[in-house]
Amino acid sequence: MSALSFSPHLHININRNPKLTPKRRAKPNKIRVSLQTTFPQATFSDPFVLQLAESLEDSLPSSSSSSPQPLPLQKLRDSSSQTLLSTPWPSRKDEPFRFTDTSFIKSSQIQPITRPSSSLDVSTDAQFPSLVLIDGFIQNSALNLSNLPDGVYVGSLLGVSDGIMKRVSDFISEFQCGDLFWSINGMGAPDLGVIYVPAGCKVENPIYLKYLSVEGGNVDSKKLPISNPRVVVLVEEGGEVGIIEEFVGKEGNDCYWANSVLEVVIGKGGKVRHSYLQNQSLNAAHIKWTAVRQETASGYELVEVSTGGKLSRHNVHVQQLGPDTETELSSFHLLVSDQTQDLHSWLVLDHPRGYCRQLHKCIVAHSLGQAVFDGNVKVNRYAQQTDAGQLTRSLLLEPRATVNVKPNLQIIADDVKCSHGAAISDLEESQLFYFQARGIDLETARKALVFSFGAEVIERFPYPSIRNQVVSHVKNLMGTTDVSFS
């Protein structure tokens, strides 16, 4: 077996030597060369993207010789601006956005947020070291960094030592698989948050990142403020840390766009436990990138619960860069309104004895709700003895609710153990009958089954306080308080 693929592909054969007369062949060749060499901007630039790029550039503070931008931040902006100007706005004709309509963002009046909001009383979990970002700006006044081990750094790029600055600079802009929204963040990020864990250091308490969206417009105004928070996590050889990300908005259902990026680099033998909670306004756009690079014998675990946003998309890209590497991804999406929840994931295995597991579950509880899952696992030629599994399960609780799933397992290696599966359904009648036969009414039975469906993911959060918070939030969204997870 040389190569296997478990998703449909379209193969197009093109004859590169067509039998055309010289007269017909000459014209298109001349026109093609002229367009590419004389008018490159007209061929590749999108006017809407150009306008957005200009507004992002104008929103950033100008650097001077007395206060130059840190090298990693300048590298990021330079590389992002180059790719941004040659990337069109995505449409439904593009395969990655086939089921995800971004016209909601494009039709709005996008306004980059130029300064941090006035001081707010931001509450965080006092038991965890925390970093607060308001509209993409790091709030130094809200830092709670007590009891961190020596050598661990959490804060703005502007405050790092020369050694950490060099390490961050080595990794910035190396990731080449981002899309337009990745580049928008890179060009518009006002600062870089940095979490640095030195070699051999095990951070006992997780580091809590709270992203708060304050600036917003109402639905009628079409105003859509955009924030571009970006955080880099660098764990050196043998280091261990937990990361909790929570995305929330202020009270109400304002319109805004949170366009976030998290980069994670895990050294040899390191471990990162990543918890991600998304509870944005139901009129907001939430687009997030999580890019992870794992070296030999490292481990990365993601547990995600996403419930907010009119349009929410999470792009997860994990690359195993050495043997004996472990990756686990668990996600639960809940749609209770006219929402689109989208998860696109890529797991690339290039080395022997890699291990990965992915579980995706979603509940669509609104007739206009739409869930999207596009999960890709690629086992390349040298990833022998790989153990990979992928499963997606969806519940549709309303007649017109929609889910589009595309599990994709590509195997080039020939000594592997791989599996994947997908299931879409309503609640099973046999399960409901089981409850009713024991004197439990139909409504309570449905609530219990719906909650237990999501509990499989929620129970994987490694921190009890986060688990309890998520359970309470999901109950409130479903309009019940009398059913608990077992």
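If you're wondering where the values come from, they're calculated on a predicted model, not measured in any experiment. (Residues numbered from 1 in each chain as written. Predicted model: local features only at pLDDT ≥ 70, side-chain atom pairs only at ≥ 80, totals over all residues. Heavy atoms only, no water.)

Draft legend 1. Structural context of the side chain of His344. Structurally, His344 is set in strand 17 (residues 340-349). Judged by its relative accessible area of 3%, His344 is buried. Within the structure, His344 has its side chain in polar contact with the backbone oxygen of Pro96 (distance 3.0 Å). Contacts of His344, omitting those with residues within four sequence positions, involve Pro96, Arg313, His314, Asn315, Val316, Val372 and Asp374. (Helix = DSSP H or I, 4+ residues; strand = E, 2+ residues; numbered from the N terminus. Buried < 20%, exposed > 50% of the residue type's maximum accessible area, 1.4 Å probe, protein only. Polar contact = N/O pair within 3.5 Å; in protein donor to acceptor, adjacent residues only side chain to side chain. Contact = heavy atoms within 4.5 Å.)

Draft legend 2. A look at helix 7 (residues 180-188). A large share of helix 7 lies buried, amounting to nine of its nine residues. Residues Leu180, Phe181, Trp182, Ser183, Ile184, Asn185, Gly186, Met187 and Gly188 constitute the buried set of helix 7. Buried residues along helix 7 sit against helix 3 (47-59), helix 4 (71-84), strand 8 (223-227), strand 9 (230-235), strand 11 (257-266) and strand 13 (285-294). N-cap assignment for helix 7: the residue whose side-chain oxygen lies 3.2 Å from the backbone N of Phe181 is Asp179.

Draft legend 3. Local environment of unusual backbone geometry. Backbone geometry places Ala297, a non-glycine residue, at a positive phi of 60 degrees. Looking at the secondary structure, you find Ala297 in the loop between strand 13 and strand 14 (299-306). For Ala297, a relative accessible area of 33% gives the class partly exposed. Unusually for a residue other than glycine, Gln385 sits at a positive phi of about 60 degrees. Overall, Gln385 belongs to the partly exposed group, its relative accessible area being 47%.

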